[in-house]
Amino acid sequence: MQFDDDADLDTSEVQDVRGSRIPGGRATVGGGIAGLVALILGLLFGVGPEQLGLSDGGPATSPTASTAAQVEQSCRTGKDANTRDDCRTVAVVNSVQDFWRQEFQRRQGTYTPSRTVLFSDRIGTACGSATSAVGPFYCPGDRQVYLDLGFFDELRTKFGSSGGPFAQAYVVAHEYGHHVQDLMGTLNRSQDGRTGSDSNAVRVELQADCYAGVWAHHATTTPDESTGRPLITSLTQADIRDGLDAAAAVGDDRIQEKFQGRVTPESWTHGSAAQRQQWFTTGFRSGDMADCNTFR
Ligand SMILES: [Zn+2]
């Protein structure tokens, strides 16, 4: 994955609060090793902690602007995105939102942008407070994506994914898939409390994977709003393989096998490795969100 060196990045779409502590915050979601497995099973790439009943309603201080907002200072152009992880995230958020803005427009709809909050350790959100252990998530309560970049190391070390640059892009695009669902009114279908391989929870997650694929299909042709040229200049087969590899690594069956030693499809919340790959591929091949009807 390569970015146009000369494109300007729009850092207003990413809020960087890494390194800032939330005053008085207690560990609420994801404290300790014991909680970790349950959280990985329940929340990986999911929708906010509250929706899954894991928040204890502890202090939910909103993130405040960090004095050392690194992305604002360091992520100016596509060249920075080609060299730094955090800047790459900014560029992917820009590309994903440019695409959906244009796609909604094409469909006579209005896309409301969603910010990504980069945090470290712990964060307060409208969905409750969360630690990094929950993995990236989308909070419908404040319509923001929450991401600790340390998760991308875990993709490699804990989940055994290749974790290349496009694996990161897939994760970001999946979360924005939830935002698109939120705007379209389909996200709340996952809130019926059921789990299992054909539950609405899984269908919502697979649709977000499909939407990530739809964006990937258009990633190198979507004009950037600053230059009119695509921000992403190249996406190779190897990149797509990285994305598929990440999608498989976080499949419910793979995670269950790894962390609980057996596979129990009745408790699935995100779909199997094969399902996640299949739906990303469906979106990527056609580039048409109409093909992402996982509820059929
Ligand atoms: Zn998800």
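Just so it is clear, the structure is predicted and the values come from calculations on it, not from any experiment. (Residues numbered from 1 in each chain as written. Predicted model: local features only at pLDDT ≥ 70, side-chain atom pairs only at ≥ 80, totals over all residues. Heavy atoms only, no water.)

Trainee: Looking at this structure, I do not really get the overall build of the protein chain. What am I missing?
Mentor: Across its full length, the protein chain holds 10 helices and 8 strands. Scored against the burial criterion, the 296 residues of the protein chain give a buried share of 54%. A separation of at least 24 residues holds for 76% of the contacts in the protein chain among residues at least 6 apart in sequence. Of the roughly 11900 Å² of accessible surface on the protein chain, 47% is carried by carbon and sulfur atoms. (Helix = DSSP H or I, 4+ residues; strand = E, 2+ residues; numbered from the N terminus. Buried < 20%, exposed > 50% of the residue type's maximum accessible area, 1.4 Å probe, protein only. Contact = heavy atoms within 4.5 Å. Areas by Shrake-Rupley, 256 points an atom, 1.4 Å probe, with all protein chains shown as cover.)

Trainee: Before we go on, may I ask you to explain the state of the cysteines in this structure?
Mentor: Chemically, a disulfide is nothing more than a covalent bond linking the sulfur atoms of two cysteines. For the structure on display, the rule yields 3 disulfides. With a sulfur-sulfur separation of 2.1 Å, cysteine 75 is cross-linked through a disulfide to cysteine 87. Looking down the S-S bond of the cysteine 75 and cysteine 87 bridge, the torsion is -75 degrees, so its handedness is left-handed. Of the two residues, cysteine 75 is situated in the loop between helix H2 (70–74) and helix H3 (78–81) and cysteine 87 in helix H4 (residues 85–106); the sequence distance between them amounts to 12 residues. Considered together, cysteine 75 and cysteine 87 belong to a single accessibility category, that of buried residues. Residue pairing for cysteine 210: its cysteine sulfur links by disulfide to cysteine 292, the two sulfurs lying 2.0 Å apart. In this structure, the disulfide formed by cysteine 210 and cysteine 292 twists by about -75 degrees around the S-S bond and is classed as left-handed. Of this pair, cysteine 210 sits in helix H7 (residues 200–218) while cysteine 292 sits in the segment after helix H10 (273–286), placing them 82 residues apart in sequence. What makes cysteine 210 buried here is its relative accessible area of 0%. (Disulfide = S-S within 2.5 Å.)

Trainee: What is the right way to look at the environment of lysine 158 in this model?
Mentor: Structurally, lysine 158 is set in the loop between helix H5 (150–157) and helix H6 (165–184). Spatially, the C-alpha atoms of lysine 158 and lysine 258 are 9.5 Å apart, while their sequence positions differ by 100 residues.

Trainee: What is the right way to read the side chain of threonine 264 from this model?
Mentor: Position of threonine 264 relative to the elements: it lies in the loop between helix H9 (252–260) and H10. Polar side-chain contacts of threonine 264 include one of 3.1 Å to the side chain of glutamine 260. (Polar contact = N/O pair within 3.5 Å; in protein donor to acceptor, adjacent residues only side chain to side chain.)

Trainee: For this particular structure, what's the right way to read the pairing of strand E4 (residues 122–125)?
Mentor: One face of the sheet, then the other: side chains in a regular strand alternate in exactly this way. Pairing geometry for E4 and strand E5 (residues 128–131), over 4 bridges, is antiparallel. Bridging from a neighbouring strand, threonine 125 pairs with glycine 128 of E5. (Pairing = 2+ DSSP bridges.)

Trainee: Mind showing me how you'd approach the pattern of salt bridges here?
Mentor: Where side chains of opposite charge bring their charged atoms close, a pairing between them can arise. Summed over all chains, the structure comprises 15 salt bridges. Across the pair arginine 101 and glutamate 225 runs a salt bridge whose closest N-O atoms are separated by 3.2 Å. Placement of arginine 101 in helix H4 and of glutamate 225 in the loop between H7 and strand E8 (232–234) is noted, with a sequence separation of 124 residues between them. Relative accessible area serves as the criterion here: at 51%, glutamate 225 is assigned to the exposed category. Arginine 107 is the partner of glutamate 103 in a salt bridge, and the nearest nitrogen-oxygen pair spans 2.8 Å. For glutamate 103, a relative accessible area of 5% gives the class buried. The class for arginine 107 is partly exposed, based on a relative accessible area of 41%. Here the salt bridges share partners, and the residues they tie into one network are Glu13, Asp98, Arg101 and Glu225. (Salt bridge = Lys/Arg side-chain N within 4 Å of Asp/Glu carboxyl O.)

Trainee: Just to check I follow, could you spell out the packing of H6 against helix H8 (residues 237–249) for this structure?
Mentor: At their nearest, the axes of H6 and H8 sit 7 Å apart, and the two run at 55 degrees to each other. One element, H6, and the other, H8, form an angle in the oblique class. Viewed along their axes, H6 and H8 form a crossing whose handedness is right-handed. Residue-level inspection shows Pro165, Phe166, Ala167 and Tyr170 of H6 in contact with H8, the latter providing Asp239, Ile240, Asp242, Gly243, Ala246 and Ala247. The class makeup of the residues in the contact of H6 with H8 is 7 nonpolar, 1 polar and 2 charged. (Axes fitted to C-alpha atoms, helices over the stretch in contact; angles between N-to-C directions. Parallel < 35°, antiparallel > 145°, perpendicular 65-115°, else oblique. Left-handed = near helix turned anticlockwise from the far one by under 90°. Nonpolar A, V, L, I, M, F, W, Y, C, P; charged D, E, K, R; others polar.)

Trainee: What should I look at first to understand H5 in this one?
Mentor: One turn of an α-helix holds 3.6 residues; hence residues three or four places apart share an orientation. Within H5 the residues assigned to the buried category are Phe151, Phe152 and Leu155. Seen from one end, H5 has its buried residues packed into an arc of 105 degrees, which puts them on one side. On its buried face, H5 sits against H4, strand E7 (144–147), H6 and H8. (Arc of directions from axis to C-beta.)

Trainee: Got a minute to help me understand the packing of aromatic side chains in this structure?
Mentor: Each aromatic ring pair is characterised by the separation of its centres together with the angle its planes make. Considering all chains together, one arrives at 12 aromatic pairs under this definition. Geometrically, the ring pair formed by phenylalanine 104 and tyrosine 111 is edge-to-face, given 5.5 Å between the ring centres and 70 degrees between the ring planes. Note on tyrosine 111: relative accessible area 6%, which makes it buried. Each ring, one from phenylalanine 137 and one from tyrosine 146, has its centre 5.2 Å from the other, and the planes form 20 degrees; the classification is stacked. (Phe/Tyr/Trp six-rings, centres within 6.5 Å; stacked < 30°, edge-to-face > 60°.)

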